[in-house]
Amino acid sequence: MAQVAQGEPELRRVIDEDRELDGVGEQELLDLYRSMVLLRTYDERSLVYHRQGRIGTYAIFWNHEAMQAGSVYALADDDWIFPSYRESAIGLLRGMAPSTVLSWWRGHPAGWWNPADYNVASICVPIATHVPHAAGLAWGKKLKGEHACAIVYFGDGATSEGAFHEGANFAGVMQAPLILFCNNNQWAISTPLSAQTRAETLADKAVGYGMPGVRVDGGDVLAVYEATREAVARARAGDGPSFIEAVTYRAAPHATADDPRAYIDLERVEEERKRECVGRYEAYLERLGVLDPAHAEGVRAEAQELMRRGIAQAEAEPPPDPELLFAHAYADPPASFGSDLEELRRILGGAGG
Ligand SMILES: Cc1ncc(C[n+]2csc(CCOP(=O)(O)OP(=O)(O)O)c2C)c(N)n1
Ligand SMILES: [Mg+2]
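Reading the values: rules and limits
- Residues numbered from 1 in each chain as written.
- Chains lettered and ligands numbered in written order.
- Predicted model: local features only at pLDDT ≥ 70, side-chain atom pairs only at ≥ 80, totals over all residues.
- Heavy atoms only, no water.
- Donors = N, O, S within 2.8 Å, 3.2 Å for Na, K, Ca; no water.
- Helix = DSSP H or I, 4+ residues; strand = E, 2+ residues; numbered from the N terminus.
- Buried < 20%, exposed > 50% of the residue type's maximum accessible area, 1.4 Å probe, protein only.
- Near = heavy atom within 4 Å.
- Polar contact = N/O pair within 3.5 Å; in protein donor to acceptor, adjacent residues only side chain to side chain.
- Areas by Shrake-Rupley, 256 points an atom, 1.4 Å probe, with all protein chains shown as cover.
- Nonpolar A, V, L, I, M, F, W, Y, C, P; charged D, E, K, R; others polar.
- Pairing = 2+ DSSP bridges.
- Axes fitted to C-alpha atoms, helices over the stretch in contact; angles between N-to-C directions.
- Contact = heavy atoms within 4.5 Å.
- Core = buried A, V, L, I, M, F, W, Y, C linked by side-chain atoms within 4.5 Å.
- Parallel < 35°, antiparallel > 145°, perpendicular 65-115°, else oblique.
- Left-handed = near helix turned anticlockwise from the far one by under 90°.

Let's shift gears to the coordination of the magnesium ion (ligand 2). At the metal site, the magnesium ion (ligand 2) is ligated by D156 (OD), N185 (OD1) and W187 (O), and these contacts range over 2.1 Å. If you list the donors of the magnesium ion (ligand 2) from N- to C-terminus, the spacing comes out as D-x28-N-x1-W. Note that D156 is positioned in the loop between β2 (150-155) and α6 (162-174) and N185 in the loop between β3 (178-184) and β4 (187-188), a separation of 29 residues in sequence. As far as burial versus exposure is concerned, D156 and N185 are alike and both buried.

Structure, rendered in structure tokens:
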């Protein structure tokens, strides 16, 4: 059966094996730690902001930080990132302000950015539809003779979508410099992996597209980094796309609107929460003598402060003009738009601007 357990031997690991990676010294280890703490803090604060009514529905990514930080660390700044909603805050690792991502979750236009400013595409909510976009961009890089590659993030559920197959096949056929990064958290809202596929592993799907597939422990930031670094090297060498299956288990609700107690294995969640990825990495760094409590506290305090400023900035944005709801859709807008907008302004009154 396709259901996979974290203890399975074929998952690539670094932390639990106490391996050290070539080219990864103290500074690199601490950079990765800072990225993970930034993401963890973003996520935990966002849940609080949601409960306080300060942001809308939010897709929690608690315990997905190793997958996001480890993979982005293997990229160069001119490589492109195509996130799904689960990676909403990944732009922070490219210097995007927290207020931008918080504004996105507030449904405010200040949450839109120009993808070319960060080489980070828009956050994709329709499952897997960004996979062909990423494949196309990567192919374009190849056609232009540029050395940059692209990475696209999606979940286990996305592998059942047509767009995933189209994008993967296209990347394979065109030998596009693309990394297909699957966060296999074993749930697509309430649909378990066992109902998603009869394939033994998701990485097996790579064979059908003529690309290598690798399975890593998604809670091990260094294993993720190592696998992505290899995929990036392949892409740059002109050897085409790679598929990475990062295996984890969703340790939080799908999103703030979800109550997983109706379907999830709560004992398993409890186990996963004990083995969460930031704590595992901290313990590894402490074993190596690279991280001490004062340094860790400093990194956490810096991230907390960034978030405090981020939410204040997002909340200070003036209300958006309702006209934006109608803009950018038609070259010649239908006549009814004018009266619709007038009605909307009337309903919103002073509140809508
Ligand atoms: C095309 C499409 N169909 C359905 C949905 C509703 N939906 C939102 S999240 C989700 C589950 C996706 O699961 P997975 O791909 O495993 O990603 P995860 O949320 O676990 O990161 C679904 C079905 C959607 N957003 N887009
Ligand atoms: Mg999933």
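From this point, the narrative continues.
The subject of this paragraph is the site of ligand 1. Near ligand 1 lie 16 residues; those nearest to it are Y85, R86, D156, G157 and W187. Side-chain polar atom of Y85 to an oxygen atom of ligand 1: 2.6 Å apart, as the coordinates give it. A distance of 3.1 Å is found between a nitrogen atom of ligand 1 and a backbone nitrogen or oxygen belonging to V125. Considered on its own, ligand 1 offers 590 Å² of accessible surface; in the complex 72% of this is hidden by protein. Residues belonging to the shell around ligand 1 are distributed by class as follows: 8 nonpolar, 5 polar and 3 charged.

Another aspect to go through is the sheet that holds strand β7 (residues 242-247). One open sheet holds the 5 strands; their spatial order is β1-β2-β3-β7-β6, and the pairing between them is parallel. Among the strands making up the open sheet, the edge pair consists of β1 (80-82) and β6 (213-217). Direction aside, the axes of adjacent strands within the sheet are offset by 20° on average. Alignment of β2 against β3, held across 6 bridges, turns out to be parallel. Bridge pairing in β3 links Y153 to F181. Helix-sheet contacts for helix α5 (residues 130-143) involve β1, β2 and β3, and the interaxial angle to β2 is about 170°.

Formed by 71 residues in total, the largest nonpolar core has its most connected members in Y42, V221, L222 and Y281. The element best represented in this core is helix α1 (residues 26-51), accounting for 10 residues. Apart from the residues within four sequence positions on either side, L222 is in contact with V14, I15, L21, L29, L32, Y281 and Y284. Counting 27 residues, the second-largest nonpolar core is a separate cluster that includes W80, A121, F164 and A176.

For the pair α1 and helix α10 (residues 277-288), the least separation of the axes is 11 Å and the interaxial angle reads 155°. Put simply, α1 runs roughly antiparallel to α10. Seen along the crossing, α1 lies across α10 with a hand that is left-handed. Residues L29, L32, Y33, M36 and R40 of α1 touch α10, and the partners they reach there are C277, V278, Y281, E282, Y284, L285 and L288. Tallied by class, the residues present in the contact of α1 with α10 amount to 10 nonpolar, no polar and 2 charged.

All right, on to helix α2 (residues 65-73) then. Among the 9 residues of α2, 8 are classified as buried, and the element is accordingly described as predominantly covered. When we look at burial in α2, the residues that qualify are E65, A66, M67, Q68, A69, G70, S71 and V72.

Right, let's get into the environment of L11. With respect to the helices, strands and loops of the structure, L11 is situated in the segment before α1. Residue L11 is classed as buried on the basis of its relative accessible area of 4%. Note: C-alpha distance between L11 and E245 (234 residues apart in sequence) is 9.3 Å.

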